[in-house]
Amino acid sequence: MSKVFSSRPAIEKSVAKLLRDQPIIDMHTHLYPPSFGTPVPNCGGGGKTDRGGLLLWGLDELLTYHYLVAEVFRVVPATELAYEAFWKMPKTAQADHVWKHLFVERTPLSEACRGVLTCLELLGLDVDRKKDLARLRKWFTRQDPDKYIDRVMELSHVESITMTNNVFDDNERGRWLKDAASLRSDSRFKTVLRIDPILGNWQTAAGKLSAWGYAVGDGRALSAANIEEGQRFLHDWLDRQQAIYTALSIGPSWRYPAEADHAQAGQIALEKMILPVLAQRKLPFAMMIGSVRGVNAALGDAGDSLGKADVSSVARLCVAFPQNKFFITMLARENQHELCVTARKFGNLMIFGCWWFLNNPSLIEEITRMRLELLGTSMIPQHSDSRVLDQLLYKWEHSRTMIGKVLVDKYADLLEAEWPLTEGDIKADVERLFKGNFEEFLVR
Ligand code: RAT
Ligand code: ZN
């Protein structure tokens, strides 16, 4: 039996150690194993363009992460460097541009800038006073991607990486049709079937499904036969990918039940195709709600934004589909409190992560504190959403620090109340938050 804590410094020490030792399941990333290929070197691209292979890693990818692209266009606006001209530049030139304007000519204070520096530091690379990018780059060219994945996972304590496998991305879909077995054979990575247009734009989805040989109709009405075909599509792809859950992101105007006429068919697809298939297979449905795509489309992925969503729609979904399990995250800070309260009402609703624009230390602290106060440890505090392998290093390091800070405060409150808190208690909590809750929800 571990001994009972009697002071805050002892708690601090123990939380820091246990967090460091805790393996993490990262439940949502955009990372891939080497079998998905690496991009054509230095072909530029970016935005929403396809650059070939899907595994992104290394310094130039870190520097051209879409969060940093958005930031560099604030200081060198499109009137000085046109969007198209930036996208046509080779990758290294894009990275040089970002480095010069955000790291050399300005202090890299933003979270996305700081993230690059944390990655370098954790890899043991120091930035000299000359801020010499070429020297740092050289180190990365010597890495072997496959071994480098192991190294990054070890340093970030990530034990399992969950992918986003978008069946509506032609590049990725082609790879799955060619050799699914090798794509799913890397035990470090788990698959997730991503299906945004089925709910967000059923007309587009239906057009594609029809072209792929599933008779789902013209995207307006859905007959019983169409629904059966839609279900067949989902079963085929869940089998092909052996996905551990199904996911989509959707805009803030999504409502359940649907209000807009154009959303009616998507709702039928949700009720009659997606949810029955997932209930039958006992797989969760992850909904990431609140993204507004292409607010400035010329910026590519960097041009997406957010809006306040409707939490009561999530509650109605949980009531209507008690046999389904929902992973829910929302993008607007304004939604977080209502979402926490809603999660208190439903055992089939698991809230997760501080998504995208919320993945900043100040907001992680605020949201984690609120979640612990309203839900205890029955939630998943974070996912990384990494697009570049190396980002696992900084995203988890920064999140771990903030989550640890909140935990220490909460344990200190228990000490005040003379609760006999032990190291074993903290260990169990940390295990639940970073791994156990996710695993249990999958098999529930
Ligand atoms: O976090 C991001 O990088 C976003 O661009 C999106 O990928 C978002 O997380 C999503 O999965 O839709
Ligand atoms: Zn994502």
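For the structure, check the block above.
**As for the sheet that holds strand E2 (residues 158–162)**
Next up, step 1: Spatially, three strands are ordered E1-E2-E4 in an open sheet, and the strand pairing comes out parallel. Strands at the two margins of the open sheet, each flanked by one partner only, are strand E1 (24–26) and strand E4 (189–190).
Next up, step 2: When E2 meets E4, the two strands line up parallel, connected through two bridges. Looking at E4, one finds that Ile161 is bridged to Phe189.
Next up, step 3: Strands E1, E2 and E4 of the sheet are contacted by helix H8 (residues 145–156), whose axis makes an angle of about 115° with E2.
Next up, step 4: Along the sheet, helix H17 (residues 391–416) makes contact with E1 and E2, crossing E1 at roughly 120°.

**Concerning the site of ligand 1**
Next up, step 1: Close to ligand 1 lie His28, His30, His66, Tyr67, Arg194, Ser249, Met288, Arg293, Trp355, Trp356, Asp385 and Arg387, which account for all nearby residues.
Next up, step 2: At 2.9 Å from an oxygen atom of ligand 1 is found a side-chain nitrogen or oxygen belonging to His30.
Next up, step 3: Taking Trp355, its side chain carries an N or O atom lying 2.9 Å from an oxygen atom of ligand 1.
Next up, step 4: Calculation on ligand 1 without its partners gives an accessible area of 310 Å², and the protein chains cover 98% of this total.

**Section: the pairing of strand E10 (residues 326–330)**
Next up, step 1: Taken across its five residues, E10 has five buried, putting it largely inside the fold.
Next up, step 2: Strand direction decides the pairing type here: strand E7 (residues 285–289) and E10, joined by five bridges, are parallel. Opposite Phe285, over in E10, you have Phe326 as the bridge partner.
Next up, step 3: With helix H15 (residues 336–343) bridging E10 and its parallel neighbour strand E11 (residues 349–351), the resulting β-α-β unit is right-handed.

**Some points on the packing of helix H12 (residues 224–241) against helix H13 (residues 264–281)**
Packed helices, taken two at a time, are described by the angle between their axes plus the distance between the axes.
Next up, step 1: Running from amino to carboxyl end, H12 crosses H13 at an angle of 40°, the nearest separation of the two axes being 10 Å. If you check the angle between H12 and H13, you find them oblique. Judged by the sense of rotation from one axis to the other, the crossing of H12 with H13 is right-handed. Contacts between H12 and H13 involve Ile227, Gly230, Gln231, Leu234, His235, Leu238 and Asp239 from the former and Ile268, Lys272, Met273, Ile274, Pro276, Val277, Leu278, Gln280 and Arg281 from the latter.
Next up, step 2: Of the residues belonging to the contact of H12 with H13, the class tally is nine nonpolar, four polar and three charged.

**With respect to the coordination of the zinc ion (ligand 2)**
Next up, step 1: Distances from the zinc ion (ligand 2) to its protein donors, namely His28 (NE2), His30 (NE2) and Asp385 (OD), fall within the range 2.0 to 2.1 Å.
Next up, step 2: Sequence spacing among the residues donating to the zinc ion (ligand 2) works out to H-x1-H-x354-D. Placement of His30 in the loop between E1 and helix H2 (59–63) and of Asp385 in the loop between helix H16 (361–375) and H17 is noted, with a sequence separation of 355 residues between them.
Next up, step 3: Under the relative-accessibility criterion, Asp385 is labelled buried at 6%.

**Some points on the state of the cysteines**
Next up, step 1: Taken as a whole and judged by the stated rule, the model has zero disulfides.
Next up, step 2: Among the cysteines around Cys340, which has no disulfide bond, Cys354 carries the closest sulfur, lying 9.8 Å off.

The rules behind each value
- Residues numbered from 1 in each chain as written.
- Chains lettered and ligands numbered in written order.
- Predicted model: local features only at pLDDT ≥ 70, side-chain atom pairs only at ≥ 80, totals over all residues.
- Heavy atoms only, no water.
- Pairing = 2+ DSSP bridges.
- Helix = DSSP H or I, 4+ residues; strand = E, 2+ residues; numbered from the N terminus.
- Contact = heavy atoms within 4.5 Å.
- Axes fitted to C-alpha atoms, helices over the stretch in contact; angles between N-to-C directions.
- Near = heavy atom within 4 Å.
- Polar contact = N/O pair within 3.5 Å; in protein donor to acceptor, adjacent residues only side chain to side chain.
- Areas by Shrake-Rupley, 256 points an atom, 1.4 Å probe, with all protein chains shown as cover.
- Buried < 20%, exposed > 50% of the residue type's maximum accessible area, 1.4 Å probe, protein only.
- Right-handed = clockwise from strand over helix to strand, strands pointing away.
- Parallel < 35°, antiparallel > 145°, perpendicular 65-115°, else oblique.
- Left-handed = near helix turned anticlockwise from the far one by under 90°.
- Nonpolar A, V, L, I, M, F, W, Y, C, P; charged D, E, K, R; others polar.
- Donors = N, O, S within 2.8 Å, 3.2 Å for Na, K, Ca; no water.
- Disulfide = S-S within 2.5 Å.

Functional significance is not addressed by these values, which are geometric in nature.
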